[in-house]
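Structural features, examined
Chain by chain, the residues:
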2 protein chains.
Amino acid sequence: MWEHVTPERRRGTVRDLRRDNRSVLLWSLYFDQPSTRQELSRTTGLSPASVSNVVRELIDEDIVHEAGAVDSDGGRPRVLLRINQDHGYVIGVDVGETRVRVELFDLAMTERATADYPLDPREHGVTTIVDRILEGLSAVLADAGVGPSAILGVGIGVPGVVEQGDEVIVHGQTYGWDAVPLGRLLRAGTDLPLHIDNGAKTMGRAEMWFGAGRGAQHAVVCLIGSGVGASVIAHGRTHRGSTSSAGEWGHTTVVVGGRECRCGAQGCLEAYVGAEAILDRYAGAPPGQDEESALAALLDAAANGAGEAESVLEETALYLGVGLSDLINLFNPERIILGGWAGLLLGERLLPRIRDAARRHSLRHAFSETSIELGRLGPEAVALGAATLPIERFLNGETVLPVEHRRSAG
Amino acid sequence: MWEHVTPERRRGTVRDLRRDNRSVLLWSLYFDQPSTRQELSRTTGLSPASVSNVVRELIDEDIVHEAGAVDSDGGRPRVLLRINQDHGYVIGVDVGETRVRVELFDLAMTERATADYPLDPREHGVTTIVDRILEGLSAVLADAGVGPSAILGVGIGVPGVVEQGDEVIVHGQTYGWDAVPLGRLLRAGTDLPLHIDNGAKTMGRAEMWFGAGRGAQHAVVCLIGSGVGASVIAHGRTHRGSTSSAGEWGHTTVVVGGRECRCGAQGCLEAYVGAEAILDRYAGAPPGQDEESALAALLDAAANGAGEAESVLEETALYLGVGLSDLINLFNPERIILGGWAGLLLGERLLPRIRDAARRHSLRHAFSETSIELGRLGPEAVALGAATLPIERFLNGETVLPVEHRRSAG
DNA sequence: CGCCTTATTTAATGACGTGATTTAACCTCC
DNA sequence: GGAGGTTAAATCACGTCATTAAATAAGGCG
C-alpha cells in the first residue's frame, strides 16, 4: 500500500537493466539519426564498450544498419548508424467525424500506403466503423506489399473518451457511442496488436514527436475542430488521469451560467470556441454550408470589415485566450500548441489577440514561461500520432517481431 | 534531442540497480510497517535472496531494526522488520500568512519538537521570515536534543510560486516577494539540506502520504484559505510543470469578465471562493474580525436562516463546484480532497451542494470516477508535508548520513 | 612505409539478482 | 524430551551485466 506515492518501478533484475539501456539507446538513435557509437555513448551516458555491445546486438537483429562513415580529424572514422526503417512497419488510423483514414508507415515514419473512407455523417454506427478500419488494414497491407508479421502494431485515434484497461472501452459523445468495446470488436477481425487512444491525444503525440512540440517536456496541444479537446504532456508523457479521460479541456467552464453546450452543461469553453459554436453565434452564416467553408467565410467577412463577423471573432479570441490561461495556470507548460482545422484557421488570424487575452488572464510568471504557437502538422496528424503508439512500444523493447524478419546472426 | 518524448531514465549501471531495489524495498517497508522479509519479497517482486541481502545491508547501517517475530503455522517464525525511527530526523517548516511554524519529526513522523512564531500581518519582509526560520531550526534541534548531523533535511512550505532549479526562487504574490532567492538566504545561516516548495503542494503531499489521499495515484488536493491553491498529483507525483508553478487553480477563470481578483485579472475562481472573496461579497460581515471567525459567523448566520448569508454560500458552492469540475475534466483524478481552513469549514456544510454543482459541470464519465472528500489532516499539514520532502529523498537512497549515526557493522 | 590519431572491440573485473541448497527456528507427536 | 516436520532465512554457485584498461582497427600524414 505505498504505490500511491511513488511512480511505477520495473522489476529489478540485471536483465531488465540491459533492456532499459537498449531502449535508451534506441530512443536516442531514433530521434538523432544518423548517429555514431561515440555520440550514443555521450547521449546515453553508457560506456563505449556497452554501446558497442548493444549496437552489435541490434545489428544482428537487423534493427540497426551501419551506413557510411564520417572522418574524425586524423583518426579512425566514426561509423554512422541508423535504424533500419524496413525492420518493421506501423499503421495509424484516424477515426474522424467525417471519415476513417488508415496509413501505413515504415519505422522512419514515411508513408507507404493510405486508405481513406469518407463517412456518411449519419453513419457512425460501431459496425460501420469497425468494418472500415478492418478494410483499411487489409488495403494498406496489400498496397504496401507488407505481410502482417512485419507490422509492429496499429494505433487508432478515435473521438471521445478512451478507457484503457484490460478491455479498451470507448465513450464517444459525438458518435453516440456508449461504452463500446472497440478493442474486442476489432480483434475479431485482425490479429495485429492494437493501441486505441483518443484522437486529440494521438494528434498531440504527433506534434510532440515531429511537430511544434519537439524539444518540449511540458506542453499542451489543443485540438479545435467542430468540438474542442486537448492533450496534456507532462515530462514528455501524455497525461491520462486515472481512467484516461484527462484533457477534456473543451468542457471546462469559462462562464458560470453561460451558453448551453452540447454536453448538457452551461458555459463550457467548447460552447464558445468550437467551430460549431462559433458559427452558431454568427447570424451571418449562410445555411447548408459545411463547417470548414463556413468558418473560412466568417474569417473573410471579418477581414473585409464586416462588423458582426469581427465581433464574433473578437469574442472568440477572448474566450480562447481565457481557455489557454487556465491551461497555463494549471499545467505551467513551456509550450501551447494550437491545432485542429479550426484552431489553425483561427490561429492564423487571431493569434496575437488570443495571446493577449491569455496574458491578461494568467499569472505573470507562468505566462512568461509559455509560448503559444500553431501546430505544424496540420489536421492530418491524428493517424501519424496514432502510429507512434506502436513505435513507442518498439523503442521500449516491448515488441518482438517474428524471426523471419531478422537476418541470421553473423 | 529526444528527451522530450520519454521520461527521465537513470544511468544504467548494475550498481544503480541495487540502489533502486533498495529504494523500492525501503518505500514498501516505510508504508507497511512492520513487515517481514517474506512479505517484502512479495510486495517488491524481488527474490527472497535479494531481500535478505538488502535487509542485512540496511540493518548494518542501522536503518532497519528487527522487532519481534510472528509465528508461522508450525515453522520458523517470520522476523518483523521496521524502520529505525531514530535513524535520522526531518524538519518541516510552514511559512504561513500569519505565522512561521517549525516542527521536528523522527522517521515515523512523530513530532519531537515544535517552534511557533506568530507573524505581524505587516511584517512579511524576507529577512524577518528567514530569521524566524533559522531561529526555529535551532530551537527544535535544541528542544529535541538532536544534533544537526542527524537531520536528513528540512522541508519548507511557502506561499507563492517556487521556482525549482539550481537556485530556488520564490515569487510570493501575497507576501510581496518578487524573485526572492530563499534558498541562498537560508544557506547563509544553516548547513542543513533544504527543500523548498509551495505550501499548497506540501499540504497535498501530507494528505497523499498520511491523509485522505492514501492509496490514490491521481488526485487533486485543494487548499482553500484566504486565497485558493491546489496540488495536482499524477501517478503519485506532484505535478510541477516546466517551472514548478503548476496548480494555480485559484486563478483559473470561471466567469469571463467577472469579479476583479487580487491578481489583477477578472473572474478568477479565487475571486469567488477564497475566504477573503466570500467575506467581501457578504454585506453582513462585521468589520474588524479576523477572517476565520468571520467565515464561521457567516456559516452560522446561514444555518440560522439568514437569507443573504445563505445566498452567498449557495453561490460559493456553485462556483467551487464549477472549479472542481474543471479539475475533473482536465485531470480525471480518482479523488479530490478539499483542505485549507476555509475549505474544511465550507466543506463541512456545503459538500453535497458542491458535489452537485461539480456533477452538473463535468463530463459524466470522469465525474463518476471521482470522489470528492474533505482533508483529514487539518490546516496544520503544511509542515508535515514539507517534512516528507527529505523523507522522500531518504527513501530514494539519495541521502547519506554521517557515519557516527551508524552502528558498527557486525 | 612507419608513426600518429581516433574509434571500436576485447579482456579482465567486480557487482548484482536468482534458483538451489543449507541452515535456523520453532512446532507437534510419540 | 527427542525425532520428524514445517516454514523462514542465509548461503552458494551461476549467469548476466556495465565498466575500466588494454588491445586492435582504420585512416591520415610525412
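About the thresholds
Residues numbered from 1 in each chain as written. Chains lettered and ligands numbered in written order. Predicted model: local features only at pLDDT ≥ 70, side-chain atom pairs only at ≥ 80, totals over all residues. Helix = DSSP H or I, 4+ residues; strand = E, 2+ residues; numbered from the N terminus. Rg over C-alpha atoms; globule rule 2.2 N^0.38 Å. Contact = placed C-beta atoms within 7 Å. Buried ≥ 20, exposed ≤ 12 C-beta atoms within 10 Å, placed from the backbone. Core = buried A, V, L, I, M, F, W, Y, C linked by C-beta atoms within 7 Å. Least-squares fit on C-alpha atoms with pLDDT ≥ 70 in both. Near = placed C-beta within 6 Å. Nonpolar A, V, L, I, M, F, W, Y, C, P; charged D, E, K, R; others polar. Pairing = 2+ DSSP bridges. Axes fitted to C-alpha atoms, helices over the stretch in contact; angles between N-to-C directions. Parallel < 35°, antiparallel > 145°, perpendicular 65-115°, else oblique. Expected span 1.5 Å × (residues − 1). Bend = angle between axes of the 7 residues up to and from the residue. Left-handed = near helix turned anticlockwise from the far one by under 90°.

Below, the discussion takes up the overall build of chain A. Scanning chain A for helices and strands turns up 13 helices and 16 strands. Expected size for 410 residues packed as a compact globule is a radius of gyration near 22 Å; at 23 Å, chain A falls within 12% of this value. Reported as C-alpha extents along the three principal axes, the dimensions of chain A are approximately 70 × 50 × 50 Å. Considering only contacts in chain A between residues 6 or more positions apart, those separated by 24 or more positions represent 62%.

Looking now at the environment of A:Glu135. Residue and element names in this part refer to chain A. Mapped onto the secondary structure, Glu 135 falls in helix 4 (residues 126-144). For Glu 135, a count of 15 C-beta atoms within 10 Å translates into the label partly exposed. Each C-alpha atom of the pair Glu 135 and Val 162 lies 22 Å from the other, and the pair is 27 residues apart in sequence.

A few words on the nonpolar core. Ranked by internal contacts, the top residues of the largest apolar core, which has 248 residues, are A:Ile91, A:Val93, A:Cys222, B:Ile91, B:Val93 and B:Cys222. Apart from residues lying up to four places away in sequence, B:Cys222 is in contact with B:Ala230, B:Trp249, B:Ile336, B:Ile337, B:Leu338, B:Gly339 and B:Gly343.

Bringing the relation of the copies chain A and chain B into the picture now. Rotating chain A by 180 degrees and translating it 0.0 Å along the rotation axis places it on chain B, where the RMSD comes to 0.1 Å. The relationship between the two copies is best expressed as a two-fold rotation axis. Mapped onto chain B, 100% of the interface residues of chain A are again interface residues, and the two copies thus contact each other with one and the same surface.

For the rest of this paragraph, the subject is the protein's contact with DNA strand C. Looking at DNA strand C, there are 30 residues lining it, with A:Ser52, A:Gly75, A:Arg76, B:Ser47 and B:Arg76 nearest. Secondary structure elements with two or more residues in the surface near DNA strand C: helix 2 (37-44), helix 3 (48-60) and strand 3 (75-83) of chain A together with helix 1 (14-31), helix 3 (48-60) and strand 3 (75-83) of chain B. Element by element, the count of residues in the surface near DNA strand C is highest for helix 1 of chain B, at 5 residues. Along the lines of polarity and charge, the residues of the surface near DNA strand C split into 9 nonpolar, 14 polar and 7 charged.

With that settled, consider the protein's contact with DNA strand D. In the vicinity of DNA strand D there are 30 residues, among which A:Ser47, A:Arg76, B:Ser52, B:Gly75 and B:Arg76 approach most closely. Listed by contribution, the elements that provide at least two residues to the surface near DNA strand D are helix 1 (14-30), helix 3 and strand 3 of chain A together with helix 2 (37-44), helix 3 and strand 3 of chain B. Grouping the constituent residues of the surface near DNA strand D by class yields 9 nonpolar, 14 polar and 7 charged.

All names here are of chain A. Taken in spatial order, the 3 strands make up an open sheet running 8-9-10, and their pairing is antiparallel. Both outer strands of the open sheet, strand 8 (161-163) and strand 10 (177-180), are each paired with one neighbouring strand and no more. Pairwise comparison of adjacent strand axes, ignoring direction, gives a mean angle of 15 degrees for this sheet. Relative to strand 10, strand 9 (residues 169-172) is paired through 2 bridges, and the arrangement is antiparallel. Each residue of the ladder has a partner; that of Gly 172, found in strand 10, is Trp 177.

It is common to give the size of an interface as the accessible area lost on bringing the parts into contact. At the interface, 70 residues of chain A touch 70 residues of chain B. Considering only residue class, the side of chain A that touches chain B consists of 31 nonpolar, 27 polar and 12 charged.

This brings us to the sheet that holds strand 2 (residues 64-72) of chain A. Residue and element names in this part refer to chain A. Pairing is antiparallel in the open sheet, where 3 strands are placed in the order 1-3-2. The sheet terminates laterally at strand 1 (35-36) and strand 2, the two strands that pair on one side only. Relative to strand 3, strand 2 runs antiparallel, the two sharing 6 bridges. Paired with Val 70 across the bridge in strand 3 is Arg 78.

All names here are of chain B. Closest axis-to-axis distance for the helix 6 (residues 199-210)/helix 13 (residues 381-395) pair is 7 Å, and the angle between their directions is 80 degrees. Taken together, helix 6 and helix 13 sit at an angle that is classed as roughly perpendicular. Counting all contacts with helix 6, which are made through Gly 199, Thr 202, Met 203, Gly 204, Arg 205, Ala 206, Glu 207 and Trp 209, the residues of helix 13 involved are Ala 381, Val 382, Leu 384, Gly 385, Ala 386 and Thr 388.

Our next topic: helix 11 (residues 341-361) of chain B. Residue and element names in this part refer to chain B. Between its terminal C-alpha atoms helix 11 stretches only 25 Å, short of the 30 Å expected from 21 residues at 1.5 Å a residue. The largest bend in helix 11 is about 85 degrees, located at Leu 350, with the proline Pro 352 one to four residues further on. All of the buried residues in helix 11 are Ala 342, Gly 343, Leu 346, Gly 347, Leu 350, Ile 354, Arg 355, Ala 357, Ala 358 and His 361.

Relative placement of two packed helices is described by the angle separating their axes and the distance separating the axes. All names here are of chain A. Across the interface, helix 1 lies against helix 2 with an axial gap of 10 Å and an inter-helix angle of 115 degrees. One finds that helix 1 runs roughly perpendicular with respect to helix 2. The handedness of the crossing between helix 1 and helix 2 comes out as right-handed. For the pair helix 1 and helix 2, contact is made by Val 24, Leu 25, Ser 28 and Leu 29 and by Leu 40, Thr 43 and Thr 44, respectively.

Relative to the assigned elements, B:Val322 resides in helix 10 (residues 307-331). Linking B:Val322 and B:Val254, residues 68 residues apart in sequence, is a C-alpha distance of 7.4 Å.

Turning our eyes to something else, we now look at the pairing of strand 15 (residues 335-339) of chain A. All names here are of chain A. Most of strand 15 is tucked away: 5 of the 5 residues are buried. Neither face of strand 15 is left uncovered, since the one carrying Arg 335, Ile 337 and Gly 339 and the one carrying Ile 336 and Leu 338 both have all their residues buried. Here 5 bridges tie strand 12 (residues 219-224) to strand 15, and the two strands are oriented parallel to one another. Note on strand 15: the bridge partner recorded for Leu 223 is Gly 339. Strand direction decides the pairing type here: strand 15 and strand 16 (residues 371-374), joined by 4 bridges, are parallel. Counted as the bridge partner of Ile 337 is Glu 373 from strand 16.

This paragraph deals with the pairing of strand 9 (residues 169-172) of chain B. Residue and element names in this part refer to chain B. Here strand 9 shows two buried faces, one formed by Ile 169 and His 171 and the other by Val 170 and Gly 172. One ladder, built from 3 bridges, connects strand 8 (residues 161-163) with strand 9; its direction is antiparallel. Among the inter-strand pairings, Val 161 is bridged to a residue of strand 9, identified as His 171. Count of turn residues in the strand 8/strand 9 antiparallel hairpin: 5 residues. Taking the residues between adjacent antiparallel strands as the criterion, strand 9 and strand 10 (residues 177-180) are bridged by 4 residues, where Gly 176 takes a positive phi near 75 degrees.

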